[in-house]
Each structure stands twice: as structure tokens, then as C-alpha cells.
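Fold and contact review
Take a look at the letters that make up each chain.
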Amino acid sequence: MRRSLVVLALILGASVGFQAFAQKTTITYWQYAYDTRVQAMTELIQQFEQANPDITVKQETFPYNAYQQQVAASLPAGQGADVVQLYYGWLDTWLRSGYVEALPSQYFDAAALDSEFIPMVEAAKRNGQYYGLPTAVRSLALFYNKDMFKAAGIDGPPATWDQFVQDAKALTKRTGSRFTQEGFGIAPNGQGHNLLREVLIRQFGGQPYSADGSTVTYDSEAGLKAFEFYTGLVTKDQVAVLNFVPGDNGYRDGFIQLQNIAMIVDGSFAIGSVKAGAKFDWGVAELPTLANGVKSDFGSFWMNGLTPNAFKDPAKLEAASKFLKFVTSPDAMKLWLNVVGELPARASLVDDPTLASDPVYGPFIKSLAYSHATQFVDESAQRQVFMDAVNRVILENQAPAASWAQAAKEEQAILDKAKSQ
Amino acid sequence: MRRRPHDAPRSSAPRSSAPRPPDAPDRSRRRRRALSLSTREAIWAYVFLLLPLAFYAFLRIYPAIQSFDLSLHRWHVDPAQRTFLGLAYYRELIGDPKLHRALTNTLLYAAIVVPSQLVLGLGIAVLLQSVRRLRPLFRAIYFSPYVTPAAAVAWVWGWMYSVNFGVFNTALIAWSDFVTRLGLAWLSIPPQAFLSDPKQALPSVAAVVVWQQLGFQVVIFLAGLQGVPRMFYDAAAIDGANAFQRFRFVTLPLLNPVMVFSVIISTIATLQLFDQVVNINFTDQGGPLNATLTIALYMYQLAFSRFQIGYASAVTVLLFVLILTVTLIQLRLLQRRVEY
Amino acid sequence: MVELETFGEPRRRPTAATVVAYVLLTLGTVVMFFPFVWMLLSAFKPIREIFQLTLLPHTWTLDNFRQVLFQTAFPRWFLNSLVVAAISTVSVLFFCSLVGYTLTRLRFPGRDLVFLIILSTLMVPTEMLVIPWYVMSTQYGWVNTYWGLAFPGLIPAFGVFLMRQFFQTLPRDLFDAGRVDGVSEFGLFWRIGLPLVRPGLAALGIFNFVGNWNAFLWPLIIAKSASMRTVPVGVALFSGEASTAWNLIMAASALAIVPVLLVFFVFQRQIIEGVVLTGVKG
């Protein structure tokens, strides 16, 4: 009698437990591993699970340098992330092979998102639909070593590119044919290609691409001038050399660790590394302009998207959408700013005056207003085109005009090919 | 209805109890004996190979065929949505200048790396063999690059090749100063760009590959040399052969199986060269200006940075055909030389 | 059966040739060992000093090691690598030599074809197999398991090839004699063949160990949880978007390879020299 009661209790308990279990939806979230990002997301997940006891979120992270490999190889098995973080420039390559789906219209209203997020987030939009939303955005600014500036007798950061070249010349040192100190840490493979594409071409009066993004338009007089200016930093002004400091992040390492690079153009995502590593007086300034005063900047972001896995059942889709909304909410962005130190992506938060007056974040925040996020169709191939264009001039002494025309032709072919698929 | 013998029900064939003609056992034993000589060995061979071949079929060949199949389809994450393209990617391969460059580079790498490894590997093994003191230490030192992780190797060599800071250029400058002071300025060599020079980048990377893989070759050759019976050397010495002749006519022929292995394995590995190239120029992989790009790296970039897995699979098939052809030629040329 | 002395120990007294050998080997040491030493010494430097081109650290520090050992999951990565390397080494030693033996010492129809098919599996870059492997692994529940980490490397074709070449150097008579004595086919392999190819076996063991120790792409993909990462996958975490912790990479690299090198150093007699018995009737 007693035994059968126990059995009955066990069965009841198990079935109740089972029911609770069955109602619980589990979703998987993927991002690349970085201490503060993982920490911020862990906090966000805790908050989210408290507010939604019926949803469990599993966070899985992978090394930054191997993140795309992980995604490319895992998702075809129909397993892995439901909500995935991706660099916005990857959207087209992921989309073409179905790794990411449009945010479902029953949960997301594109028109509302247009006004809630800052304009460059529209780079996550294709055919009127959003394919993801960012928790944070990035822009470029000039980092400079105040101690080196002082030693060279320079008061403050350059406001114009002319001044920039002049300062960089004063900050460059050589022994024989070898550089021992660089005025400017040029990095075509770092942020250099973005600087050229979205900042210099526009400042010189050109447009990198047609309005619909289908045609290369930098093969113009303005575009060529921008290109000549950029390569001229090495060939003419001699304030920089390629690969001055070896390694994955050579220009940044030279600025932070070796202190033999006076200025670098870098993204706001580098703030954390500079803060942690730089043991000298440093500053951040908005990017210089030409005499005409036209401001421009390159904006970018990692966005949270939904994989086909999230669409496998409605409960999962609802949970994933809820979670995606939560991690891109104003509160999540504030937490992200505090923990990770990355700029918020919502219009309401960007106008915050205390943030704009911050000596480090200020220049980045201010430049968001004039930032452009390139509509890449094949980011790594397009980046390669720019790197090769610069290398042909610097390493092979090709005439800038010829190299630039070739780059335009190569990139147009990439755009055409993407369109045909 | 006729039955074939092995279909016959057991009960209807009580052969063993049936009376036999007197000569029958003899003949059948002889037949079984004849069978065992030629077939027994084969049966055992298949038994030994059963599990390994199942492994290869299931985990290597079947996935490879799947991968080849992908080269005929436009890639999509969902298998149901992969559209058949036929040979479209192969046509694209023919006109892809980047692939042509990768192909040339890859062959060039093989032409530099394989002979260098063979000669240096064998040379060092023979040197190691001829010393007694410190031999274990020397061996460990020559083996050390092989166990060093790729990231650390790339970092150290990146610095050594550095135009502005590297030891090679520091040495060149010191040398030039030295000879200039001696009034022999024509002997001076200007600093070089190494990895930053599209012409020097490939040999510079190839040098790192040789350096890193040398330990592997040395161990193989040392193990091979151990197998050469001393008796043969003594016999050759008695016949008046000098050291070179002993090496040429005793060591080399007996080392042939090991050398075949060394050449073929290092060719296969070099034709798939990837790790060192990626790591040494991480932000412009295969650069500058595709100067160091290999087929395997191009394939990897297509698949994992650009998600063009169908096209990458076509590149894989091409690479496979290339390696197979080269290996078959090598097996032909190298293995025929020696009879066992 | 007679034990034959091999090329192992030269009897001659030091000659000019020996001196030349020492000089060449010592010169080569600089080239071969310098990068390794640099890596090792860098592991004792604070991050700032890593970027300065001095060989010896100004300030010796154990911080990098402390950080790697106690603030990352390095011990766990190390254990995982060790388990995978151990599983695969046992399998590799047995199966590669069995197949290598079969391909040289047994006569059967299709022998060359089988060898060529096995060899051809070396010619497909494993990078392109990871997608089918992963699909398979999810179907059979191998994701995030040691088996999942280890299975692609259980019978590498290169090992089969190596052992085949080593078995080729053995005289055929040996096995025929064994057969006449009534040794079973497996016994011929296990008791006669295998002991004679110990140098090859040992070399294969160390190569396979190192290969597993450095494998990256597949372990990355199959290990979904942090607790299943291997050393190379874990070390990749030290490279972030904006900076690379070279001090930690150097320390972790040193921690990972010094044991391998020590094992090699201590057991190199067995690994390379073995005790070669070449049985010849006589």
C-alpha cells in the first residue's frame, strides 16, 4: 500500500515535472568569445529568464578568429544557434545561402525600427525587411599619443588632413632606411579600407557607390584624389610604412604597447584595449576633414539575427524574437555600454549629452550622426580589392590611377556577381 | 525447380554421412590445401582490412563524395534547397585568375619545399647519426620547430622578417657597414622587404615551412637509417668503398622505402599548404597581392569567409585531382627503382 | 636468428668528419632553436616587453603562466587534448601497422588498389570534410564527446603509408619461415612483424600525438561547450577582435609543448633507435 503510494507520487511528480519541462522553450544564442561581451550577455540572459520563466537561453561562444567557420560548418546540420550574432557586412553572404532569415513581421515592424534605431542600422535591411538588430554600433575616430605630441611640440589633434600630414611628418623618425617611429599607423587591412571607402572618398566630394549600391562610383576624379592622398601617406609624405609592426593588430600594438606610432584611425571597439593597455597619456578626436569641412565616418555593427533553426516551431520563434527584442532594448544597450563599452544603437540613447561630452566616447558618438555603413555584398572580397589596390601602388609602384581603375573594375564584378545570384 | 547447392536445406544433404569413393578424401584435402595457399592469405588480408576499410569508406570516402557532390550544387544551408548547377563551377574555375595564381604558387611551394626537406632532412639525419655526444640534445633541438604551435611560429618569424625591426635586416645592415668600412662596398646588401615584397614573400614563407617540417623529416630518416644493418657498411668498407660511395650505394638504396614516404608525404602536405600561410600574414591571408596564396587557402576562404561552399568544393576536387596525379607519377618514378 | 648491429653506433674515433658534423649541427642549432627559445622566453615577459626586441626578459614574471593556469580553463583543455591524443594514438598504432602490414606482407587481389584508395583519402583537405562530419555527428550524437573529437584521426592514411614503408624493409623470408613454423597470420603480424618496426611505430606515435595536439578546425566545430575545448581551440580565445594576448599565447604554447618535447627527449632512443633486430637466417 505504502509502496504503491510512493509509486503513484513518483508518477505524478514525474508527469508534473515533465509538463513543466515540456512547456519550457530552450533557445541557443551564439556570439564570439570576449570576456566583457560574454559577461554582459550572461547578465542579460539572467534578466530575461527571470522575466520569462518559460524560456531558457543557452549561450555558446567561439573564438573570434574562427567564428564564421563555426557557423558555416554547424548550421547545415540543422543544429546550433537560434539567435546568432553576425557582423553586418556578412549579411549578404549569409543570406544567399540561407544562414539567416528576415525578422518575422508578426513581432517586428520595419517602419517602427527605422525610427527607433540610428539610420546606419538600415544596413541590416534588405527589400524592406530587417535581418537583424544590433545591441551596439561602432564608428571610427583618431587615437593619438598626447605624450608624443607634446614631445614634438604639437598642441592638439589635427582638425584637417593637411594638419594631420604635417603633424605626422613631425612625429616620424628614421634611422637610415628604417623607420623607428611612425607618425601614422597605416593599416589598409585594419580600418584603412573603411577609412578610404566611406571617409576620404566622400570628403573629397565623391560617392563610393550608387544610391542602390549596385554600381561602383569611386572611379571618379574625387575618388582618385582620395586614393592618391591615402597611398601618398606612404609614397609621398612618408609618414607611414606598411606592416610597420608585425602581427594581427600591428598598428594597434605599435600605438598601445610599443609607443612608436603616434596616431591611428581605429574603431570604438578598440577603446577597451587602449584603456587597458596604454600606459601613457592618450586622446581621441573626430576624424580630420579637408578644407571644405565635410565630415564623414564609417559606421558598423554586429547584429543579432535569427537562423532557420528558430523558425522550426512557433514557440521557439516567439521565444527567439522576444529574446532578440530584449537584447536590443534600451536597457540592454545601457548595460552593454557599461560592461562592454560599446556605443548604443538607438536614436534615443545617442542624443544623451553626457555621453557626447565624454572625452573618449564623445568623438565616436558625435560622428555617428555622419557615419555610413557600407552595404557590402561580399565583405572579405571587397576588402581584398581595396587592400590590393593600395599594395599595387606601394609595393609595385603602379600609378595610382591605373590601380584605382582596376580596383573599381574588380569590385564592380563582385557586385554584379552577387546581384546575379 | 532446381536449387543451387548452397540453397539446399541442411537436412536433405547429409553429405558427411554419405559413403564416399575411396579417392575422394584425398582429392578434397588437396583442393582445400591448394585453396589455402593462395586464398587463405587473401582471406586473412580482407579480415584484417575489414574494419579499417569500413572506417575509410564511412568517414573519409563517403564524406569526400558528399563534398564532391556539393561542387555540382549552389550551396544552401538547407540540403533541400541546394539547386543543381551541373559543371557551372568547373567552368568558373577555368576563368578564375585568383585560382590560377593559387595553382602556380602551390606548385612553386612544392618545388621549393619538397627537395629542400628531402636534402636537408637526410643531411641532418646523417650528421646526427655520425655524432655520439650531445646527440639526444641535438635531436630534441632539431625536432622542436615541429612541435611549436603555428601561432607562435608565425609570431616569431613575422618579427624576424620585419622590415624595420627584424634580425635579418639588422644583420644585412651590419654586414653592409662592415664591408663598406673595409672598402668593399660592392659586397653590401640593402635591407630587404621579405614578407612585404610580392616577389620575396613566397620563398620567405616556404623557408618557414621547411624549417618547421624539418624535424618530421629528420625523425623519419633517423628511423630509416636505424634499419640499415651495419653488416652492409662493413662489407662495403671491406670492398674499399669510401664514405660517399657507402652512402650512395648502401644507404640510399636501403633507405628507398623511407624516402618514397618522405617525398610523397611532403608533396601531399605542401600541395595542401595552409597553416603557415594563414598565420604569418593573418590580416592579408595569402597576400601581399596573392603572392603567397595557396589552393587550400583559397578554398578555405571561399568556404568559410565567403560561404561559397559549392565553389570551394569544386576547388577541392581540382586540388584532389592535382595531388593524385602528382602522387601517382611519384610512385611510378620512385618505387620502380628498387626491388624487394 | 641472429642479432645484427645496425648503423646506430659508430665505432670510429673522432675524425675530421666528426668535427665538421659537430660544427654544422651547432650552426644549425641556432637557426632551429632560436625561434623556439624566443617563444619560451617570451612566456616569461610582461605583455609590453613581448613587443620589445630583446631576447631575455628585463623583468622575469610567472604571471602569464599563473593567468593561463588559474584564470583560464587551460588545465581542462590540456586534459581534453591528452585524452584525445591518447585515444587516437592507441588506435593509430594498432590499425595503421595492421593495415601497413597487410598491404606489404600479405598477397591478395586488389592490394595496390586498396593502398591507393587509402592514400587518396590524404588528398582531400579535411577542411572540406567538416561539414559532412558534423552532420553525421549530430545524427549519431557525437557532438561534444571525446569520440567526436577523436574519430577523424583514428586511422590516418599517412600512418598506414609510413608503416607500409617500414614493413617493406623487412625480409620476406622471415614471415615465410614463421608460416612454416605454424604461426597464425595475426601472430605473424603481432609477434614477428610489429617488434621489428618499432622505430617506425614510435615515430608514428609521436607524429600522431603532435598532430592531434595541434588540430584546430574540427575540434573547434565539434566541441560546443567550453569544457570540451582542446588546447589549440582554447588558445585561439586569446586572440580577440581588437588585441591578441601574445603573452598568454606564448605561455600556453610553452605549457603545451614542453611536455611533448620532454617526452621526445627522454624516450627518443625508443622513438628513433628502438632496438632493431633484423632476423636473417644464418
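In this text the structure is predicted, and so the values were computed from the model without any measurement. (Residues numbered from 1 in each chain as written. Chains lettered and ligands numbered in written order. Predicted model: local features only at pLDDT ≥ 70, side-chain atom pairs only at ≥ 80, totals over all residues. Heavy atoms only, no water.)

1. Focus on the overall build of chain B
The helix and strand tally for chain B stands at 12 helices and 0 strands. Ordered by position from the N terminus, the helices and strands of chain B form the series α-α-α-α-α-α-α-α-α-α-α-α. Across the 340 residues of chain B, 51% fall into the buried class. Contacts in chain B between residues at least 24 apart in sequence constitute 66% of all its contacts with a sequence separation of at least 6. In the structure as shown, chain B presents an accessible area of about 16400 Å², 64% of it carried by carbon and sulfur atoms. (Helix = DSSP H or I, 4+ residues; strand = E, 2+ residues; numbered from the N terminus. Buried < 20%, exposed > 50% of the residue type's maximum accessible area, 1.4 Å probe, protein only. Contact = heavy atoms within 4.5 Å. Areas by Shrake-Rupley, 256 points an atom, 1.4 Å probe, with all protein chains shown as cover.)

2. Overview of the overall build of chain A
Helix and strand counts for chain A stand at 18 helices and 13 strands. Computed over C-alpha atoms, the radius of gyration of chain A comes to 24 Å, within 12% of the 22 Å expected from 2.2 N^0.38 for 421 residues, which places it in the range of a compact globule. Principal-axis analysis of the C-alpha atoms gives chain A an extent of 100 × 50 × 40 Å. Classification of the 421 residues of chain A by burial places 61% in the buried group. Taking all contacts inside chain A whose residues are at least 6 apart in sequence as the whole, residues at least 24 apart take part in 75%. As displayed, chain A offers around 16200 Å² of accessible surface, 52% of which is attributable to carbon and sulfur atoms. Averaging the locations of the 35 positively and 43 negatively charged side chains of chain A gives two centres separated by 4 Å. (Rg over C-alpha atoms; globule rule 2.2 N^0.38 Å. Lys, Arg positive; Asp, Glu negative; His and termini not counted. Charge placed at Lys NZ, Arg CZ, Asp CG, Glu CD.)

3. Some remarks on the side chain of B:Thr316
Looking at the secondary structure, you find B:Thr316 in helix H12 (residues 309–335). Those residues in contact with B:Thr316 that lie beyond four places of it in its chain are B:Met299, C:Val124, C:Pro125 and C:Met128.

4. A short note on the pairing of strand S1 (residues 25–32) of chain A
Residues and elements named next belong to chain A. Counting buried residues along S1, 7 of its 8 residues qualify, which places the element largely inside the surrounding structure. The handedness of the S1 to strand S2 (residues 55–62) crossover, carried by helix H2 (residues 35–51), is right-handed. In terms of strand pairing, S1 meets strand S3 (residues 83–87) through 2 bridges, oriented parallel. Residue Trp30 lies in a different strand from S3, and its bridge partner there is Val84. (Right-handed = clockwise from strand over helix to strand, strands pointing away. Pairing = 2+ DSSP bridges.)

5. Some thoughts on the packing of aromatic side chains
Counted according to the given criterion, the structure contains 92 aromatic pairs over all chains. Taking the centre distance of 5.4 Å and the plane angle of 15 degrees together, the rings of A:Trp94 and B:Phe307 count as stacked. Taken together, the positions of A:Trp94 in helix H4 (residues 91–96) and B:Phe307 in the loop between helix H11 (295–304) and H12 put the pair across two chains. With respect to class, A:Trp94 is no different from B:Phe307; both count as buried. An aromatic cluster is defined as three or more aromatic residues linked by ring pairs; in this entry it consists of A:Tyr32, A:Tyr64, A:Tyr67, A:Tyr87, A:Tyr88, A:Trp90, A:Trp94, A:Tyr99, A:Phe301, A:Trp302, A:Phe376 and B:Phe307. Across the ring face of A:Phe179, the terminal group of A:Arg174 is positioned such that the distance to the ring centre comes to 4.9 Å. The ring of B:Tyr311 has A:Lys417 sitting right over it, with the charged end atom 5.6 Å from the ring centre. (Phe/Tyr/Trp six-rings, centres within 6.5 Å; stacked < 30°, edge-to-face > 60°. Lys NZ or Arg CZ within 6 Å of the ring centre and 35° of its normal.)

6. As for the environment of A:Gly98
Residue and element names in this part refer to chain A. The residue Gly98 is located in the loop between H4 and helix H5 (110–116) in this model. Since its relative accessible area comes to 7%, Gly98 is described here as buried. C-alpha separation for the pair Gly98 and Leu75, spaced 23 residues apart in sequence, amounts to 9.7 Å.

7. Observations concerning empty space enclosed by the protein
Residues and elements named next belong to chain A. Applying the stated criterion across every chain yields a total of 4 cavities of 30 Å³ or more. In this structure, the largest cavity is lined by Phe184, Gly185, Ile186, Ala187, Gln191, Gly192, Leu195, Tyr230, Tyr251 and Val265. A class-by-class count of the residues in the lining of the largest cavity yields 7 nonpolar, 3 polar and no charged. (1 Å grid on protein atoms, 1.4 Å probe; cavity = no way out; pocket = protein on both sides within 12 Å on 5 of 7 lines; lining within 4 Å. Points joined across faces, edges and corners; volume = space filled by probe spheres on them. Nonpolar A, V, L, I, M, F, W, Y, C, P; charged D, E, K, R; others polar.)

8. So, the interface of chain A and chain C
On the chain C side, the residues contacting the 33 residues of chain A number 26 residues. Contact with chain C buries surface across chain A, with A:Pro63, A:Ala73 and A:Gln257 losing the most and accounting together for 21% of the total. On inspection of chain A and its partner chain C, the count reaches 1 salt bridge. Close ionic contact of A:Arg138 with C:Glu241 constitutes a salt bridge, the shortest N to O distance being 2.8 Å. (Buried area = accessible area lost by both parts, 1.4 Å probe. Salt bridge = Lys/Arg side-chain N within 4 Å of Asp/Glu carboxyl O.)

9. As for the pattern of salt bridges
Pairing is possible between side chains of opposite charge, provided their charged atoms come close. In the structure shown here, the tally under the stated rule is 22 salt bridges over all chains. In this structure, B:Glu92 and A:Lys417 form a salt bridge, with 2.9 Å as the shortest nitrogen-oxygen distance. Note that B:Glu92 is positioned in helix H2 (residues 88–94) and A:Lys417 in helix H18 (residues 400–420), a pairing that runs across two chains. Residue classification places A:Lys417 among the partly exposed positions, given a relative accessible area of 31%. Linked through salt bridges whose partners overlap, the residues forming this network are A:Arg37, A:Arg138, A:Glu342 and C:Glu241.

10. Remarks on the nonpolar core
With 334 residues, the main nonpolar core has A:Tyr99, A:Tyr218, A:Phe323 and C:Phe207 as its most contacted residues. Residue contributions to this core peak at 16 residues, all from helix H7 (residues 201–226) of chain B. (Core = buried A, V, L, I, M, F, W, Y, C linked by side-chain atoms within 4.5 Å.)

11. So, the domain arrangement of chain A
Residue and element names in this part refer to chain A. Each assigned domain of chain A is listed with its residue range as follows: domain 1 (25–138 + 300–356) and domain 2 (140–298 + 376–420). Taken together, the 16 residues of domain 1 in the interface contact 10 residues of domain 2. Buried surface at the junction of domain 1 and domain 2, both sides included, amounts to about 1000 Å², of which 47% is carbon and sulfur. Of all residues in domain 1, Gly89, Arg96 and Arg138 bury the most surface against domain 2, accounting for 37% of the area lost on that side. Between the two partners, domain 1 and domain 2, sit 1 residue pair in polar contact (both at pLDDT 80 or more). Secondary structure elements with two or more residues in the side of domain 1 that touches domain 2: H4 and strand S6 (133–145). If one sorts the elements of the side of domain 1 that touches domain 2 by residue count, H4 sits on top with 3 residues. (Domains from an automatic or database assignment. Polar contact = N/O pair within 3.5 Å; in protein donor to acceptor, adjacent residues only side chain to side chain.)

12. Notes on the interface of chain B and chain C
Counting from both sides, the interface comprises 97 residues of chain B and, opposite them, 99 residues of chain C. Taking both sides of the interface into account, the surface hidden between chain B and chain C amounts to around 9300 Å²; carbon and sulfur atoms contribute 76%. For the pair chain B and chain C, the number of links is 2 salt bridges. In this structure, the connection of chain B to chain C is made through 11 residue pairs in polar contact (both at pLDDT 80 or more). For the side of chain B that touches chain C, the element with the most residues is helix H1 (residues 24–70) of chain B, which contributes 23 residues. Counted by class, the side of chain B that touches chain C contains 74 nonpolar, 14 polar and 9 charged residues.

13. Some remarks on the confidence of the model for chain B
Residues and elements named next belong to chain B. Residues at a pLDDT of 70 or more form 86% of chain B, whose mean pLDDT is 85. Long-range and interchain partners of residues 1–30, a stretch whose pLDDT sits below 50, account for 2 contacts in this model, where long-range means more than four residues apart. Interface confidence for the predicted complex, expressed as ipTM, amounts to 0.91; the pTM equals 0.90. (pLDDT = per-residue confidence, 0-100.)

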